[in-house]
Amino acid sequence: MSDRRDPAEAELRELLGAWRLEIDEVPVPSLVDPLRAVDVVIEAKKAAKVRNRGRVHPPPDGARTRPPGDAREGAV
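This structure is a prediction, so every number in the text was calculated from the model and none was measured. (Residues numbered from 1 in each chain as written. Predicted model: local features only at pLDDT ≥ 70, side-chain atom pairs only at ≥ 80, totals over all residues. Heavy atoms only, no water.)

Trainee: Would you mind going over the overall build of the chain with me for this structure?
Mentor: Along its length, the chain carries 2 helices and 0 strands. For the chain, the exposed surface amounts to about 8,300 Å²; the carbon and sulfur share of it is 58%. (Helix = DSSP H or I, 4+ residues; strand = E, 2+ residues; numbered from the N terminus. Areas by Shrake-Rupley, 256 points an atom, 1.4 Å probe, with all protein chains shown as cover.)

Structure representation (C-alpha coordinates):
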(Lines give C-alpha, C1' and ligand atoms only; values in the text may rest on other atoms or scores of the structure.)
Protein backbone atom coordinates (compact mmCIF):
# COMPACT_ATOMS: atom_id res chain seq x y z
CA MET A 1 0.00 0.00 0.00
CA SER A 2 1.20 3.45 -0.74
CA ASP A 3 1.18 6.19 1.89
CA ARG A 4 -0.83 9.02 0.33
CA ARG A 5 -1.44 11.38 3.25
CA ASP A 6 -2.56 14.85 2.56
CA PRO A 7 0.12 17.38 3.61
CA ALA A 8 -2.56 19.65 5.05
CA GLU A 9 -3.90 16.78 7.18
CA ALA A 10 -0.40 15.99 8.47
CA GLU A 11 0.17 19.65 9.36
CA LEU A 12 -3.23 19.85 11.07
CA ARG A 13 -2.45 16.72 13.12
CA GLU A 14 0.87 18.26 14.16
CA LEU A 15 -0.74 21.55 15.18
CA LEU A 16 -3.52 19.82 17.15
CA GLY A 17 -0.96 17.58 18.86
CA ALA A 18 1.11 20.60 19.91
CA TRP A 19 -2.01 22.43 21.10
CA ARG A 20 -3.06 19.41 23.17
CA LEU A 21 0.37 19.26 24.82
CA GLU A 22 0.11 22.96 25.72
CA ILE A 23 -3.37 22.47 27.17
CA ASP A 24 -2.25 19.45 29.24
CA GLU A 25 0.63 21.46 30.73
CA VAL A 26 -1.60 24.24 32.09
CA PRO A 27 -2.43 23.73 35.79
CA VAL A 28 -6.14 23.67 36.50
CA PRO A 29 -7.18 25.05 39.89
CA SER A 30 -9.52 22.97 41.99
CA LEU A 31 -12.98 24.54 41.92
CA VAL A 32 -14.15 22.75 45.07
CA ASP A 33 -12.05 21.84 48.08
CA PRO A 34 -12.58 18.07 48.52
CA LEU A 35 -12.67 18.29 52.31
CA ARG A 36 -15.26 21.05 52.22
CA ALA A 37 -17.33 19.05 49.72
CA VAL A 38 -17.43 16.10 52.13
CA ASP A 39 -18.58 18.41 54.95
CA VAL A 40 -21.36 19.81 52.76
CA VAL A 41 -22.62 16.30 51.91
CA ILE A 42 -22.58 15.26 55.59
CA GLU A 43 -24.47 18.42 56.63
CA ALA A 44 -27.07 17.82 53.91
CA LYS A 45 -27.66 14.24 55.08
CA LYS A 46 -28.07 15.40 58.68
CA ALA A 47 -30.53 18.08 57.61
CA ALA A 48 -32.54 15.52 55.63
CA LYS A 49 -32.77 13.24 58.67
CA VAL A 50 -33.98 16.09 60.88
CA ARG A 51 -36.49 17.16 58.25
CA ASN A 52 -37.88 13.61 57.92
CA ARG A 53 -38.15 13.08 61.67
CA GLY A 54 -41.51 14.85 62.00
CA ARG A 55 -44.44 13.87 64.16
CA VAL A 56 -46.67 11.13 62.80
CA HIS A 57 -50.31 12.11 62.99
CA PRO A 58 -53.08 9.52 63.40
CA PRO A 59 -55.12 8.75 60.32
CA PRO A 60 -58.20 10.94 59.82
CA ASP A 61 -60.64 8.04 60.28
CA GLY A 62 -59.66 7.68 63.97
CA ALA A 63 -57.96 4.28 63.60
CA ARG A 64 -55.31 3.70 66.24
CA THR A 65 -52.64 1.13 66.92
CA ARG A 66 -53.61 0.89 70.63
CA PRO A 67 -57.09 0.75 72.08
CA PRO A 68 -58.30 3.96 73.73
CA GLY A 69 -57.41 4.25 77.43
CA ASP A 70 -54.89 2.10 79.26
CA ALA A 71 -55.36 -1.46 78.04
CA ARG A 72 -52.71 -2.71 80.46
CA GLU A 73 -54.96 -2.13 83.51
CA GLY A 74 -56.95 -5.30 82.86
CA ALA A 75 -53.87 -7.44 82.13
CA VAL A 76 -52.81 -9.81 84.92
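Here the narrative resumes, following the displayed structure.
Trainee: Looking at this model, I keep getting lost on the pattern of salt bridges. Mind explaining?
Mentor: When the charged atoms of two side chains lie near each other, side chains of opposite charge can form a pair. One pass over the full model with this rule turns up 2 salt bridges. For the salt bridge of Arg13 with Glu9, the shortest nitrogen-to-oxygen distance reads 3.1 Å. Here Glu9 and Arg13 lie together in helix H1 (residues 7-25), a separation of 4 residues that amounts to about one turn. With relative accessibility at 57%, the residue Arg13 sits in the exposed group. With relative accessibility at 37%, the residue Glu9 sits in the partly exposed group. Glu43 is paired through a salt bridge with Arg36; the nearest N and O atoms lie 3.7 Å apart. (Salt bridge = Lys/Arg side-chain N within 4 Å of Asp/Glu carboxyl O. Buried < 20%, exposed > 50% of the residue type's maximum accessible area, 1.4 Å probe, protein only.)

Trainee: How should I be thinking about a nonpolar patch on the surface in this particular structure?
Mentor: Taken together, the side chains of Leu12, Leu16, Trp19 and Ile23 make up a nonpolar region of the molecular surface, amounting to roughly 430 Å² of accessible area. Within the secondary structure layout, Ile23 lies in helix H1. Judged by its relative accessible area of 45%, Ile23 is partly exposed. (Patch = residues over 30% accessible without salt bridge, like charges linked within 9 Å, V, L, I, M, F, W, Y side chains within 5 Å.)

Everything listed here is a matter of geometry and, on its own, says nothing about what the molecule does.
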